[in-house]
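As a plain string of letters, each chain reads:
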Amino acid sequence: MKKLFLLFSILFVLSSCGKSDEEKLNDLIEEATKASLYIPESYDPVSTQCDTLGIDIINPTNIKKSVKIISLVREAQSTQKQIEWDLEQQDYWQGKYGDFYNDYSNKVRRGEEKRDKLKSQAMRLFAELLNDYNTNRGFYGYFVDHKFRAKNNMGDVMFGDVIYIVNKDKTKIVAAYDSSDDDFVGFVQMTAAMREIGENYNLEEINLDEICDNIKSAFEL
């Protein structure tokens, strides 16, 4: 989780919150955290790290978009493996049994069409995310990494780690994300890849397969 927050800090922050800002947020964070617990009175804060938010890209729509990109890329990779198998069968039946050869030739053609469509859809969504990442810069509020202990519904003490997005005047929590959620963790890693790509890029040169292959689960981080 330290690696995740380090990524977050590199990607999204303008600067750290001042001490007074962090103190002002504590009540807001505590109230929100307790509201999500089975046993609110068991809440025990461990640490709160606050930074100003310097890019407006963290939202449910973009997180869903990154999940869709990964899904499309992996489906395209699976389709490619099927194409390779069908090509082997096509070569085997060439000149031996025309119907089988034609069947596998058609499978290869349909597979290539499906693969190309999947890859095109994934790249279109990735281009949208890239555009958001490179254009929505400024001061957009705060993000807060809050760690705590609390009892679950069985009475066992568990450890929690939540990322809160807070508005500019520190009066409202805009969103909250569990740092162990794979969708959120994958989005942060995809954003890291976008940072490496930068503002001057050629979509045709971006290896989306490699980007998605390098995305790890929360457990792996």
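Residues numbered from 1 in each chain as written. Predicted model: local features only at pLDDT ≥ 70, side-chain atom pairs only at ≥ 80, totals over all residues. Heavy atoms only, no water.

Novice: Got a minute to help me understand the environment of Ile-39 in this structure?
Specialist: Here Ile-39 lies in the loop between α2 (19-35) and β2 (44-53). Between the C-alpha atom of Ile-39 and that of Asn-152, which follows or precedes it by 113 residues, the distance is 6.8 Å. Setting aside its immediate chain neighbours within four residues, Ile-39 contacts Lys-151, Asn-152 and Gly-155. (Helix = DSSP H or I, 4+ residues; strand = E, 2+ residues; numbered from the N terminus. Contact = heavy atoms within 4.5 Å.)

Novice: Even after reading the chapter, I still don't get the packing of aromatic side chains, so can you show me in this structure?
Specialist: Given two aromatic rings, their pairing is described by the distance between the two centres and the angle made by the two planes. Across all of its chains, the model carries three aromatic pairs by this definition. A centroid spacing of 6.1 Å and a plane angle of 45° characterise the contact between Tyr-43 and Phe-148, whose relative ring orientation is tilted. Of this pair, Tyr-43 sits in the loop between α2 and β2 while Phe-148 sits in strand β3 (residues 142-151), and the two are 105 residues apart along the sequence. Arranged with centres 5.6 Å apart and planes meeting at 80°, the rings of Phe-139 and Tyr-142 form a pair that is edge-to-face. Phe-139 sits in the partly exposed class, given a relative accessible area of 34%. Over the ring of Tyr-133 we find Arg-137; its NZ or CZ atom is 4.7 Å from the centre of that ring. (Phe/Tyr/Trp six-rings, centres within 6.5 Å; stacked < 30°, edge-to-face > 60°. Buried < 20%, exposed > 50% of the residue type's maximum accessible area, 1.4 Å probe, protein only. Lys NZ or Arg CZ within 6 Å of the ring centre and 35° of its normal.)

Novice: Quick question: what am I supposed to make of the nonpolar core here?
Specialist: Generally speaking, a soluble globular protein has its nonpolar side chains buried in company with each other. With 34 residues, the main nonpolar core has Ile-58, Ile-69, Phe-126, Ile-165, Tyr-177, Met-190 and Leu-208 as its most contacted residues. Contributions of two or more residues to this core are made by α3 (60-93), α4 (98-135), β4 (157-166), β5 (173-178), α5 (182-197) and α6 (208-213). Among the elements that make up this core, the one with the highest residue count is α4 (eight residues). Here Ile-165 is in contact with Leu-53, Ile-58, Tyr-142, Phe-143, Lys-172, Ile-173, Val-174, Ala-175 and Tyr-177, once residues within four sequence places are set aside. Counting 14 residues, the second largest nonpolar core, distinct from the first, contains Tyr-43, Tyr-142, Ala-150 and Ile-173. (Core = buried A, V, L, I, M, F, W, Y, C linked by side-chain atoms within 4.5 Å.)

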